[in-house]
Amino acid sequence: MSIPVVEPARYDAQLEAKRERIVRQFERFSPPALEVFPSPPSHYRQRCEFRLWHEGDDLYYAMFEVDPDDPKKKRVIRLDDYPVASRRINELMPRLREALLESDVLRRRLFQVEFLTTLAGEALVTLIYHRPLDDAWENEARRLQKRLDILVIGRSRKQRLVLERDHVWERLEVDDRTLHYQQVENSFTQPNAEISRAMLSWARDVTRGSQASDLVELYCGNGNFTIALAENFRRVLATEISRTSVASARENLTANDVDNAEVGRMSAEEFAAALRGDKGGRRVADMALEDYDFSTVLVDPPRAGLDEVSCRQLSEYPRIVYISCNPDTLERNLETLCRTHRINRFALFDQFPWTHHCECGVLLERKFA
């Protein structure tokens, strides 16, 4: 991997380069003007993971940089701070390292540290080991938790010790509303909280005026979009394959007093088969699909995008909101979707500054009534 070089004075230039690339890449689909949502130029990631590198009595945070001339070779890069990470992570990095250096129990065979933080400063730190964790480790970890005002989880092979809880609570201000999200350790969450706010606001804007019909959502994760969009629709049915994410999404519905949304545990492929009538069973029956009138589908797939069958299934909906973390697979999927739909809104969200990655949002509406 290449470690991002953060140069805030150059941020506007790197964002403009992304804008120009996306405009060129999607020009043939004749989209409207690209809406661009900038990130904070530094301290934007609320979660990060680092290797812990041991050299004699010393230890430090490390990442690896691949040698461009020999991909098999990796160079260890010492990190005493990390401008990509949130200010809370940067504040914790030296304090955690100091505490580890003082404790043989905590540092022994520790090889990775994962941070999960929130905009309000809540922090969960996972310490991952190449050895079993015992009572001595737990006692030291509890002292560490109190000393740094953090939540601690210990992991090793076939072990996961949660000292207090396995999640943080993020609060996002979106369109004068405060949305509450349980974010569970080792589960997917949007890493850039400010860009997540922008994405939620954009998705709410493009789906306004839909209270007479229903939304179906695929790949809903912990209910990030489900929570924000529920008030725009009569009802919402969201699906997700991860058990942890489904449980978290249901917790988030309760925390936000959302009573018009349901989350079902089912893969996007299974759900598409259920909609076609090709899949039955208790889980499908519990969804009561016949009670819905879906006008809109929201899809936020993994980097691989959607297969051809899924794209054809989406084409049956009058309106498609497609959130993409990979412009290349989005481009491929639009080849199919734009046969039946036109792009009415198009957005670039700079989720990952200083890298070539970006997030896109597309609103497609059916060409023919």
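Think of each chain on its own: its residues are numbered from 1, step by step along the sequence as written. Side-chain atom pairs in this predicted model are given and counted only at pLDDT of 80 or more, local residue features only at pLDDT of at least 70, and totals for whole chains, interfaces and linings cover all residues. Only hydrogens and water are removed before side-chain values are computed, so all heavy atoms of the structure are retained for them.

> Honestly, helix α4 (residues 135-148) in this entry has me stumped. Any pointers?
Over its 14 residues, α4 extends 20 Å from the first C-alpha to the last, a length consistent with the 20 Å expected when each residue adds 1.5 Å. Buried residues of α4: Trp 137, Ala 141, Leu 144, Gln 145 and Leu 148, and no others. Down the axis of α4, the smallest arc covering the buried residues is 100°, so these residues share one side. The outward face of α4, more than 90 degrees from its buried face, is lined by the exposed residues Asp 135, Arg 143 and Lys 146. Each helix is a run of DSSP H or I of at least 4 residues and each strand a run of E of at least 2, with the numbering of both proceeding from the N terminus. A helix is expected to span 1.5 Å for every residue after the first. Residue burial is assigned from relative accessible area. The probe radius is 1.4 Å, only protein chains are included, and a residue is buried under 20% of its type maximum, exposed over 50%, and partly exposed in between. Relevant arc is that of directions from the helix axis to the C-beta atoms, nothing else.

> Looking at this model, I keep getting lost on empty space enclosed by the protein. Mind explaining?
A probe matching the size of a water molecule, rolled over the atoms, marks out where space remains unfilled. Each cavity reported here is a set of points on a 1 Å grid over the protein atoms alone in which a 1.4 Å probe fits but cannot get out, each pocket an open set with protein on both sides within 12 Å along at least five of seven lines, and each lining residue one with an atom within 4 Å of a point. Grid points are joined across faces, edges and corners, and a volume is the space filled by probe spheres set on the points. Applying the stated criterion to the full structure yields two cavities of 30 Å³ or more. Considering only enclosed or pocket space, the largest cavity measures out at about 90 Å³ in volume. Along its surface, the largest cavity is lined by 13 residues, and Leu 218, Ala 272, Ser 310, Gln 313 and Leu 314 are the ones closest to its centre. Broken down by secondary-structure element, the contributors of at least two residues to the lining of the largest cavity are β11 (210-218), α8 (268-276) and α10 (308-314). Here the lining of the largest cavity gets four residues from one element, more than from any other, and that element is α8. Gly is put with the polar residues, along with every residue not named as nonpolar or charged; the nonpolar set is Ala, Val, Leu, Ile, Met, Phe, Trp, Tyr, Cys and Pro, and the charged set is Asp, Glu, Lys and Arg. Class assignment of the residues belonging to the lining of the largest cavity gives a composition of eleven nonpolar, two polar and no charged. The calculated volume of the second largest cavity comes to roughly 40 Å³. Every residue lining the second largest cavity is listed: Gln 182, Gln 183, Val 184, Ser 187, Phe 188, Thr 189, Asn 222, Thr 244, Ser 245 and Ser 248. Every element with two or more residues in the lining of the second largest cavity is listed here: β10 (177-184) and α7 (243-255). Considered class by class, the residues forming the lining of the second largest cavity number two nonpolar, eight polar and no charged.

> Help me understand the environment of Gln 211, please; the structure alone is not making it clear to me.
Position of Gln 211 relative to the elements: it lies in strand β11. For Gln 211 and Glu 231, which are 20 residues apart along the polypeptide, the C-alpha to C-alpha distance reads 7.6 Å. When sequence neighbours within four positions are dropped, the list of residues in contact with Gln 211 reads Glu 231, Asn 232, Phe 233 and Arg 234. Should any heavy atoms of two residues lie within 4.5 Å, those residues are considered in contact.

> When you look at the sheet that holds strand β7 (residues 151-156) in this model, what are you seeing that I'm missing?
Strand pairing within a sheet occurs via backbone hydrogen bonds; the two strands may be parallel or antiparallel. Any two strands between which DSSP finds at least two bridges are classified as paired. As summarised here, the arrangement of the seven strands in space is β4-β3-β2-β5-β6-β7-β8, forming an open sheet in which the pairing is mixed. Edge positions in the open sheet fall to β4 (70-79) and β8 (159-162), since each of these has one partner strand only. The average angle at which neighbouring strand axes cross in this sheet is 30°, direction not considered. Two strands pair when backbone bridges link them, and strand β3 (residues 58-67) and β4 are joined in this way by seven bridges, in the antiparallel orientation. Bridge pairing in β4 links Phe 64 to Val 76. Sheet strands touched by α4: β6 (123-129), β7 and β8. Its angle to β7, the strand with the most contacts, is close to 150°. Angles run from 0 to 180 degrees between N-to-C directions of axes, and those axes are lines fitted to C-alpha atoms, restricted for helices to the stretch in contact.

> Help me out: how do you make sense of the state of the cysteines in this one?
Each disulfide consists of a covalent bond between the sulfur atoms of two cysteine residues. Disulfides are defined as cysteine sulfur pairs within 2.5 Å. Counted according to the given criterion, the structure contains zero disulfides. Between Cys 220, a cysteine without a disulfide, and Cys 325, which holds the nearest cysteine sulfur, the sulfur-to-sulfur distance is 16 Å. Cys 220 sits in the buried class, given a relative accessible area of 5%.

> When you look at the sheet that holds strand β13 (residues 261-265) in this model, what are you seeing that I'm missing?
The eight strands lie next to each other as β1-β16-β17-β15-β14-β11-β12-β13, forming an open sheet whose pairing is mixed. Because the sheet does not close on itself, it has two edges, and the strands there are β1 (35-37) and β13. Ignoring strand direction, the axes of neighbouring strands in this sheet form an average angle of 15°. Docked against the sheet, α8 engages β11, β12 (233-240) and β14 (294-299), running at close to 130° with respect to β11.

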